[in-house]
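Geometric and topological summary
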Amino acid sequence: MNAAVPLTQVLVHARDPAIVQVCRQVCDQLRWHVRTGGIEPPALLGGDAMLHVVEDHAARALPRSLGPPTALLVCDAGALQRLVGGGTHAFGAYQLRPMRAERLQEQLCRLRLGQAGNLAQCVRVGPLVLDAMDRRVVWQDQVLSLTWREYELLHVLVRHRGAVVARDRIEAAMYRWGQELGSNTIEVFVHALRSKTHPALITTVRGEGYQLNDLELAGLRH
C-alpha cells in the first residue's frame, strides 16, 4: 500500500472562474487541496502549509500582515506596477493574466519551499518595471515585446540605473558568445528601446556610455 501523500491547502480568492479552474488543475496535479470563497478571518490564515492565490480586486481586503502563508497575486500589468511601486502587502509572487498552469505550479512550489518569487526580482524605474526572473518588461501598464538583446541592454541599464554605463560593459551583457559587434550596434538597440518607450528614457553620454533615466523624477512620463 502506498504511503499517503501530504496535501497542501491553497486558498483562492478570485471572481474569475478561469483563475479558479487553473488553480484546481494545478492542485490536482500536485495532490493539494484547493478552497475558494471570501476573505478568511486572520485566525484561519495560519499554518505554513497554506498558500493563497489572490486576485487583484481582493488584495486590499486581506490582513495587512499575512505572515505564513504567502500570497500569490493574480493581476494585470497596471496592478503590478503599483505593487512594485510600494504596495502595502508583502506578496511572494505575482502572475499576469491570462494565467499559465505550468507557471502557477512552479511559483506555488517555490513559495511553499520558502524561495523568493518573481516579485522579488522586479525593479521599478518610474513608469518602467523589469522582472528579471521572467525576463518581462512593463512600460506604462503594458508588457513590452523586446528582442533578446533589447532586453539585455535594458537590464544592464536598470541594474546601474542613475549611472553612466560604459559601452564595454553593455557589450559584455549583450554579446556573451563572442559575436562581432558593429560600430553602431548598441545605438541601434538604444534607438529601438526609445521607440518602444520614451525618447528620454536612455541618454547617450558621448565618449562614456549610456544612462537610464527615471522619467517620473524628470517629469517626462509621457
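So, here is what we can say about the structure in this document.

Thresholds, definitions, all that
- Residues numbered from 1 in each chain as written.
- Predicted model: local features only at pLDDT ≥ 70, side-chain atom pairs only at ≥ 80, totals over all residues.
- Heavy atoms only, no water.
- Buried < 20%, exposed > 50% of the residue type's maximum accessible area, 1.4 Å probe, protein only.
- Helix = DSSP H or I, 4+ residues; strand = E, 2+ residues; numbered from the N terminus.
- Pairing = 2+ DSSP bridges.
- Right-handed = clockwise from strand over helix to strand, strands pointing away.
- Core = buried A, V, L, I, M, F, W, Y, C linked by side-chain atoms within 4.5 Å.
- Contact = heavy atoms within 4.5 Å.
- Axes fitted to C-alpha atoms, helices over the stretch in contact; angles between N-to-C directions.
- Parallel < 35°, antiparallel > 145°, perpendicular 65-115°, else oblique.
- Nonpolar A, V, L, I, M, F, W, Y, C, P; charged D, E, K, R; others polar.

**Quick notes on the pairing of strand β1 (residues 9-13)**
Regular strands place side chains that alternate from one sheet face to the opposite one. In terms of burial, β1 is a largely internal element, 4 of the 5 residues being buried. In this structure, β1 lies alongside strand β2 (residues 33-36), joined through 4 bridges in parallel fashion. Within β2, the position partnered with Gln9 by the bridge is His33. Handedness of the crossover is the feature at issue here: the chain leaves β1, passes through helix α1 (residues 17-30), returns alongside β2, and the resulting connection is right-handed. For β1 and strand β3 (residues 50-55), the ladder comprises 5 bridges, and the chain directions are parallel. When the bridges of β3 are listed, Leu11 appears paired with His52.

**Considering the nonpolar core**
Membership of the largest hydrophobic core comes to 26 residues, with the highest contact counts inside it found for Leu128, Leu153, Leu154, Leu157, Ile170, Ile202 and Leu212. Mapped onto this core, the elements with two or more residues apiece are β7 (128-131), β8 (136-139), α4 (148-159), α5 (167-174), α6 (185-196) and β12 (209-212). Looking at this core, the element that brings in the most residues is α4, giving 6 residues. Look past the residues within four positions of Ile170 in its chain and what remains in contact with it is Leu153, Val156, Leu157, Val165, Ile186 and Tyr210. The next biggest cluster of nonpolar side chains, apart from the first, holds 21 residues, and it includes Val26, Leu30, Leu104 and Leu111.

**A closer look at the packing of α4 against α6**
For the pair α4 and α6, interaxial distance at closest approach is 10 Å and the crossing angle is 85°. Overall, the two elements α4 and α6 adopt an arrangement that is roughly perpendicular. For the pair formed by α4 and α6, the contact residues are Arg149, Glu150, Leu153 and Leu154 on the first element and Ile186, Phe189, Val190, Ala192, Leu193 and Lys196 on the second. Looking at the contact of α4 with α6 residue by residue, the class counts come to 7 nonpolar, no polar and 3 charged.

**What about the sheet that holds β12?**
With antiparallel pairing, the 3 strands of this open sheet are ordered in space as β10-β12-β11. The open sheet has two free edges, formed respectively by β10 (164-166) and β11 (202-205), since each of these has just one partner strand. Taking the axes of each pair of neighbouring strands and ignoring which way they run, one obtains an average angle of 30° across the sheet. Against the sheet, α5 touches β10 and β12, its axis set at about 70° to β10. Here α6 sits on the sheet in contact with β11 and β12, set at roughly 150° to β11.

**What to know about unusual backbone geometry**
Of note, the bond from Arg97 into Pro98 is cis; its omega dihedral lies within 30 degrees of zero at -5°. Phi is positive for Arg31, close to 60°, though the residue is something other than glycine. Looking at the element boundaries, Arg31 is found in the loop between α1 and β2.

**A few points about the sheet that holds β2**
Spatially, β2-β1-β3-β4-β5 is the arrangement adopted by the 5 strands of the open sheet, whose pairing is parallel. Edge positions in the sheet fall to β2 and β5 (93-96), since each has one partner strand and no second. Across the sheet, the mean angle from the axis of one strand to that of its neighbour is 20°, orientation sign disregarded. Against the sheet, α1 makes contact with β1, β2, β3 and β4 (71-75), and its axis sits at roughly 160° relative to β2, the strand it touches most. The strands touched by helix α2 (residues 77-84) are β4 and β5; relative to β4, the strand with the most contacts, the crossing angle is about 135°.

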